[in-house]
Amino acid sequence: MIAIWYVALAALLFVGIKFSKKKEWNDGNMSFDQTKCFLGFCAVIICFHHMAQVTCAPWLNPVFIRKGLDIFVTAGYPMVGMFLFCSGFGLYKSAKTKPDFFKRFIPVRIIPILIPTILTELVYVYFRHLRHLPIRFKNPFMTGNHDTVHPFIWYIPCILLLYILFYVGFGLFKKDWAGILTVALGSGAWVFFCIRYGYGTWWFNTVHMFFLGILVSKFEKKFFESCKKLYALKLIITIAAAAVLWRLADNAGNLYFQITHTYWTEANGYKADLFAWIFQFLYTIAFAMLYYLLSMKMKVGNPVLRFLGKFTLELYLIHGIFINMFGYCMIKEPALPVYYIKNVPLFVLVVLACSIPVSFGLSLIDKKVGKILRPKKVN
């Protein structure tokens, strides 16, 4: 029965797709509408990724393993990379085309992130209280063991930092070279900070994609035209590179131990994570370039993707609530869920059926509050 969901995902992406004719190109491959549609799909894949991690991830207690979503266990970070890539691209383009962009930056960009973050964080606080789990706000400069109240909250400090760097670099300094340098140095500092204090690779393995998005946006016309030349060859090379890097990124940890002839220890595990990060860094770039090349000849879009693209952040933050309510445990063992749904296809159905309408409702609140706080447009 799980095959139904694979068919549904394929239909979600490919229904309504339009192909460009020979010697014709999709000039709007990075348009707002197309990127929102694709990011709607990416958000759904992230949901499947987190559902896979509580049903079939190899590190789970064998008692709780239910096969079916195995392909999604490591599918999350390239999707997050696409969010950061499109964010960097869109911010730069908006900064250059909207005269009041930086005056409206906080209510338009920051407030819509904070509202769902705070509300969903409160839900997890309630969950911990309900199951008598301790709530500890740990020192971010403590090495290792960076469990958070909201298990998927890592994305929020990362994206907020990148937005602030963009605002300072492009809004206050007002020079492209200063903005690019600010984002580059700030992103590097984030990576160094996460490595220095033992944060998991997911905290920093996609941060570079925001910077890449800015560069592609700045040189959009030149980049698009350069991709046209020897397009078929570039597409084949990118497909091959993405496939190889995908396999290496997924198996880099084991590969490290084979190369070094060592066994897992805390120190070696740390080194294996850094080794894996190198391939994850490269794979996310290859994945984004593959999407870019394909989107030059294909236009993705249908009513369902357009709908999902309106509340991707809310869906990201909320779906974990229902995973915890209906997965094998609430936040961590031995805390019991509200109801354990062992059947994987049914589990997927319930999580999505609950997450999507709640996320959409929360997005309406975000927009309402943002509209109230937003200054009037400059004529």
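Residues numbered from 1 in each chain as written. Predicted model: local features only at pLDDT ≥ 70, side-chain atom pairs only at ≥ 80, totals over all residues. Heavy atoms only, no water.

## A closer look at the overall build of the protein chain
- A tally of regular secondary structure across the protein chain gives 13 helices and two strands.
- Taken over C-alpha atoms, the radius of gyration comes to 21 Å for the protein chain, in line with the 21 Å a tight globule of 379 residues would show.
- In the protein chain, of all internal contacts separated by at least 6 residues, the share reaching a separation of at least 24 is 79%.
- Split by element, the accessible area of the protein chain, about 19300 Å² in all, is 70% carbon and sulfur.
- A distance of 6 Å separates the average location of the 40 positive side-chain charges in the protein chain from that of its 16 negative side-chain charges. (Helix = DSSP H or I, 4+ residues; strand = E, 2+ residues; numbered from the N terminus. Rg over C-alpha atoms; globule rule 2.2 N^0.38 Å. Contact = heavy atoms within 4.5 Å. Areas by Shrake-Rupley, 256 points an atom, 1.4 Å probe, with all protein chains shown as cover. Lys, Arg positive; Asp, Glu negative; His and termini not counted. Charge placed at Lys NZ, Arg CZ, Asp CG, Glu CD.)

## Digging into unusual backbone geometry
- A cis amide bond, omega 5 degrees, links Glu333 with the succeeding residue Pro334.
- Secondary-structure assignment places Pro334 in the loop between α12 (312–326) and α13 (344–373).
- Unusually for a residue other than glycine, Leu230 sits at a positive phi of about 55 degrees.
- Topologically, Leu230 is positioned in the loop between α8 (220–228) and α9 (231–260).

## Side note on the side chain of Ser355
- If you trace the backbone, Ser355 turns up in helix α13.
- There is a polar contact of 2.6 Å between the side chain of Ser355 and the backbone oxygen of Val351. (Polar contact = N/O pair within 3.5 Å; in protein donor to acceptor, adjacent residues only side chain to side chain.)

## A closer look at empty space enclosed by the protein
- Enumeration over the complete set of coordinates arrives at one cavity of 30 Å³ or more.
- Its volume calculated, the largest cavity comes out at about 60 Å³.
- What lines the largest cavity is a set of 13 residues, and nearest its centre among them are Val54, Thr55, Tyr340, Ile341 and Lys342.
- Per-class residue counts for the lining of the largest cavity are eight nonpolar, three polar and two charged. (1 Å grid on protein atoms, 1.4 Å probe; cavity = no way out; pocket = protein on both sides within 12 Å on 5 of 7 lines; lining within 4 Å. Points joined across faces, edges and corners; volume = space filled by probe spheres on them. Nonpolar A, V, L, I, M, F, W, Y, C, P; charged D, E, K, R; others polar.)

## Looking at the packing of aromatic side chains
- Evaluation of the coordinates by the stated rule reveals 41 aromatic pairs.
- Judged by centre distance (5.6 Å) and plane angle (80 degrees), the rings of Phe101 and Phe105 are edge-to-face.
- With a relative accessible area of 3%, Phe105 lands in the buried category.
- When the centroid spacing of 5.3 Å and the interplanar angle of 45 degrees are considered together, the rings of Phe105 and Tyr167 count as tilted. You can see Phe105 sitting in helix α4 (residues 105–130) and its partner Tyr167 sitting in helix α5 (residues 155–172), a full 62 residues away along the chain.
- Taking relative accessible area as the criterion, Tyr167 reaches 28% and is therefore assigned partly exposed.
- An aromatic cluster of three or more residues is present, and its members are Tyr92, Phe101, Phe102, Phe105, Tyr163, Phe166, Tyr167, Phe170 and Phe210.
- The positively charged end of Arg196 is found above the aromatic ring belonging to Tyr197, 4.7 Å away from the centroid. (Phe/Tyr/Trp six-rings, centres within 6.5 Å; stacked < 30°, edge-to-face > 60°. Buried < 20%, exposed > 50% of the residue type's maximum accessible area, 1.4 Å probe, protein only. Lys NZ or Arg CZ within 6 Å of the ring centre and 35° of its normal.)

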